[in-house]
Amino acid sequence: MIYPIVAYGDPVLRKKAEPISNDYPKLKDILQNMFDTMYKSSGVGLAAPQVGLSIRLFIIDTTPFKDEEAGTENFKKVFINAQIVEEEGKKWKFNEGCLSIPGIREDVERLPNLTIRYQDENFVEHIESFSGIIARVIQHEYDHIEGILFTDKLTPLKKQLLKGRLNDISRGKVDADYKMKFYVKK
Ligand code: CO
């Protein structure tokens, strides 16, 4: 099943997501659906809040970067209850986009080296270090489970320039070639 992707403006994207345990209902189905949804929308990562679930879960597959950086091909992973342990190095810029914010891409500065603790789909715990594009994708998705979006990391000027377009997205005035869900204020 393909989920609609929650658009910018929905409060679920702003919540700090909750940890889950291995008895979380239908987790296998949710993971399969999230991968199907991510591939359908040509994403390299997808976090549970983007499909309306405020839980500490995200998936990535960096294969589309295979021609840009060695090691990204078939790098497909599930991150459950992730916690960043350390980020280090000299800030670098990379052009980011987000399935919840279609049509907007901007350079974002982040640290290049990442150590993260997480559980895999079998709830086996790992502590691993990543760098380069893989770290970048993980950092972007990790932000989602903390309620942070890449546009939060832009300069005040850039934010001001994007304000109108972000507002349009939150009101459904946007074209995406995948199904989206827009927040309706009650
Ligand atoms: Co995103």
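Check the entry above for the structure.
What comes next is a walk through the structure.

Scanning the protein from terminus to terminus reveals three helices and nine strands. Reading the helices (α) and strands (β) of the protein from amino to carboxyl end gives β-α-β-β-β-β-β-β-β-α-α-β. Across its three principal directions, the C-alpha atoms of the protein cover 40 × 40 × 30 Å. Buried positions account for 48% of the 186 residues belonging to the protein. In the protein, the proportion of contacts linking residues at least 24 apart, taken out of those at least 6 apart, comes to 66%. Put simply, the protein shows about 9,900 Å² of open surface, and 49% of that area lies on carbon and sulfur atoms.

A few words on the coordination of the cobalt ion. Donor atoms from the polypeptide that bind the cobalt ion are Cys98 (SG), His140 (NE2) and His144 (NE2), placed at 2.1 to 2.3 Å. In terms of primary sequence, the donors binding the cobalt ion are separated according to C-x41-H-x3-H. One end of the pair, cysteine 98, is in the loop between β5 (92-96) and β6 (106-110); the other, histidine 140, is in helix α2 (residues 132-145), with 42 residues separating them in the sequence. Here cysteine 98 and histidine 140 have matching classes, each one buried.

The next point concerns helix α3 (residues 156-170). For α3, which comprises 15 residues, the first-to-last C-alpha distance of 20 Å matches the rise-based estimate of 21 Å (1.5 Å per residue) to within 8%. Taken as a whole, α3 carries its principal kink of about 50° at lysine 163. Among all positions in α3, only Leu162, Leu166, Ile169 and Ser170 are buried. Against β6 lie the buried residues of α3. Two residues or fewer past α3, glycine 172 is found with a positive phi of approximately 85°.

Position of asparagine 33 relative to the elements: it lies in helix α1 (residues 27-40). With a relative accessible area of 12%, asparagine 33 lands in the buried category. Sequence separation between asparagine 33 and lysine 93 is 60 residues; the distance between their C-alpha atoms is 31 Å. Discounting residues that sit within four places of it in the chain, asparagine 33 has contacts with Met1 and Tyr3. At 3.1 Å, the side chain of asparagine 33 forms a polar contact with the backbone nitrogen of methionine 1.

Now for the packing of aromatic side chains. Throughout the structure, instances matching the rule amount to seven aromatic pairs. Here the aromatic rings of phenylalanine 79 and tyrosine 118 are separated by 4.4 Å at their centres, their planes lie at 50°, and the arrangement is tilted. You can see phenylalanine 79 sitting in strand β4 (residues 76-88) and its partner tyrosine 118 sitting in strand β7 (residues 113-119), a full 39 residues away along the chain. Centroid distance tryptophan 92 to phenylalanine 94: 5.5 Å. Interplanar angle 50°. Geometry classified as tilted. The exposure class assigned to tryptophan 92 is partly exposed, which follows from its relative accessible area of 24%. Judged by its relative accessible area of 15%, phenylalanine 94 is buried. Among the aromatic residues, those joined into a cluster by ring pairs are Phe58, Phe75, Phe79, Tyr118 and Phe130. When the ring centre of tryptophan 92 is taken as reference, the NZ or CZ atom of arginine 136 above it lies at 4.6 Å.

Counted at 1.5 Å a residue, the expected span for α2 with its 14 residues is 20 Å, and the 21 Å between its end C-alpha atoms agrees. Of all 14 residues in α2, 14 are buried, a share of seventy percent or more. With its phi angle positive at about 80°, glycine 147 sits one or two positions after the end of α2.

About the thresholds
Residues numbered from 1 in each chain as written. Predicted model: local features only at pLDDT ≥ 70, side-chain atom pairs only at ≥ 80, totals over all residues. Heavy atoms only, no water. Helix = DSSP H or I, 4+ residues; strand = E, 2+ residues; numbered from the N terminus. Buried < 20%, exposed > 50% of the residue type's maximum accessible area, 1.4 Å probe, protein only. Contact = heavy atoms within 4.5 Å. Areas by Shrake-Rupley, 256 points an atom, 1.4 Å probe, with all protein chains shown as cover. Donors = N, O, S within 2.8 Å, 3.2 Å for Na, K, Ca; no water. Expected span 1.5 Å × (residues − 1). Bend = angle between axes of the 7 residues up to and from the residue. Polar contact = N/O pair within 3.5 Å; in protein donor to acceptor, adjacent residues only side chain to side chain. Phe/Tyr/Trp six-rings, centres within 6.5 Å; stacked < 30°, edge-to-face > 60°. Lys NZ or Arg CZ within 6 Å of the ring centre and 35° of its normal.

Spatial relationships are all this shows, so hold off on functional conclusions.
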